[in-house]
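The lines below spell out each chain.
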Amino acid sequence: MNIRLHYDVPGDDFTRAGEASSAVKRKLKQLGFQPDVIRRVAIAMYEGEINMVIHAGGGEADVEILPGRVTAVLTDHGPGIPDVEQAMQEGWSTAPDNVRNLGFGAGMGLPNIKKYTDQMDIQTEVGKGTVMTMTVLVK
């Protein structure tokens, strides 16, 4: 089994944020993955999608499902992350007030992605965008 999925993540549309993670969650259920793996993948992907909507005007999600792991690569062409170490701190956020008023932007996105994945890699360049690779291992 080697399944590849691609999703466009629309920017500035919170009503559609989470469509990719929901679709992947459904697919993993169909394939019979363990509930814990499904939950971890869905949470990490959702956090990444929300970050792309808030900060980058959207992007793309590419998912590879293998028997031993699920890997999602989220790519955007937003402003990039000036200080990844700072962005990884719980509660640190650059989300504007209007986003916070919607209940998003609490500064837990990247920390939650790290918490729910087995591997997380962020490649970012200010002014060019960010590529985040997240992997959940199937035990």
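Overview of the structure.

The subject of this paragraph is the side chain of serine 21. Here serine 21 is to be found in helix H1 (residues 19–30). For serine 21, the residues in contact, after removing those within four places along its chain, are Ala42, Met45, Tyr46 and Glu49.

Let us look at the sheet that holds strand S5 (residues 129–137). Strand order in the open sheet made by the 5 strands is S1-S2-S3-S5-S4, with antiparallel pairing throughout. Looking along the sheet, the strands with just one partner apiece sit at the ends: strand S1 (3–10) and strand S4 (119–125). On average, adjacent strands in this sheet sit at an angle of 10 degrees to one another, irrespective of strand direction. Pairing of strand S3 (residues 69–76) with S5 involves 8 bridges; the strand directions are antiparallel. Paired with arginine 69 across the two strands is leucine 137, which belongs to S5. Packed on one face of the sheet, helix H2 (residues 35–55) meets S1, strand S2 (58–66), S3 and S5 and runs near 5 degrees to S3.

Looking along a regular strand, one sees the side chains alternate between the two faces of the sheet. Counting buried residues along S2, 7 of its 9 residues qualify, which places the element largely inside the surrounding structure. Judged from the 7 bridges that link them, S2 and S3 form a sheet pairing that is antiparallel. Paired with glutamate 64 across the bridge in S3 is threonine 71. Hairpin connection between S2 and S3: a loop of 2 residues separates the two successive antiparallel strands.

Inspection of every chain in the model, using the stated rule, returns 1 aromatic pair. Measuring from centroid to centroid gives 4.7 Å for phenylalanine 14 and phenylalanine 104, while their planes differ by 20 degrees, and the two rings are stacked. In this pair, phenylalanine 14 is assigned in the loop between S1 and H1 and phenylalanine 104 in the loop between helix H4 (97–100) and helix H5 (109–116), connecting sequence segments 90 residues apart. Owing to a relative accessible area of 24%, phenylalanine 14 belongs among the partly exposed residues under this scheme. For phenylalanine 104, a relative accessible area of 22% corresponds to the partly exposed category.

Turning to the side chain of glutamate 64, a few remarks are in order. Relative to the elements of secondary structure, glutamate 64 occurs in strand S2. You can call glutamate 64 buried: its relative accessible area is 14%. Side-chain polar atoms of glutamate 64 contact the side chain of arginine 4, separated by 3.0 Å. At 3.4 Å, the side chain of glutamate 64 and the side chain of arginine 69 are in polar contact. Each residue touching glutamate 64, except ones within four places of it in the same chain, is listed here: Asn2, Ile3, Arg4, Arg69, Val70 and Thr71.

What counts and what doesn't
- Residues numbered from 1 in each chain as written.
- Predicted model: local features only at pLDDT ≥ 70, side-chain atom pairs only at ≥ 80, totals over all residues.
- Heavy atoms only, no water.
- Helix = DSSP H or I, 4+ residues; strand = E, 2+ residues; numbered from the N terminus.
- Contact = heavy atoms within 4.5 Å.
- Pairing = 2+ DSSP bridges.
- Axes fitted to C-alpha atoms, helices over the stretch in contact; angles between N-to-C directions.
- Buried < 20%, exposed > 50% of the residue type's maximum accessible area, 1.4 Å probe, protein only.
- Phe/Tyr/Trp six-rings, centres within 6.5 Å; stacked < 30°, edge-to-face > 60°.
- Polar contact = N/O pair within 3.5 Å; in protein donor to acceptor, adjacent residues only side chain to side chain.

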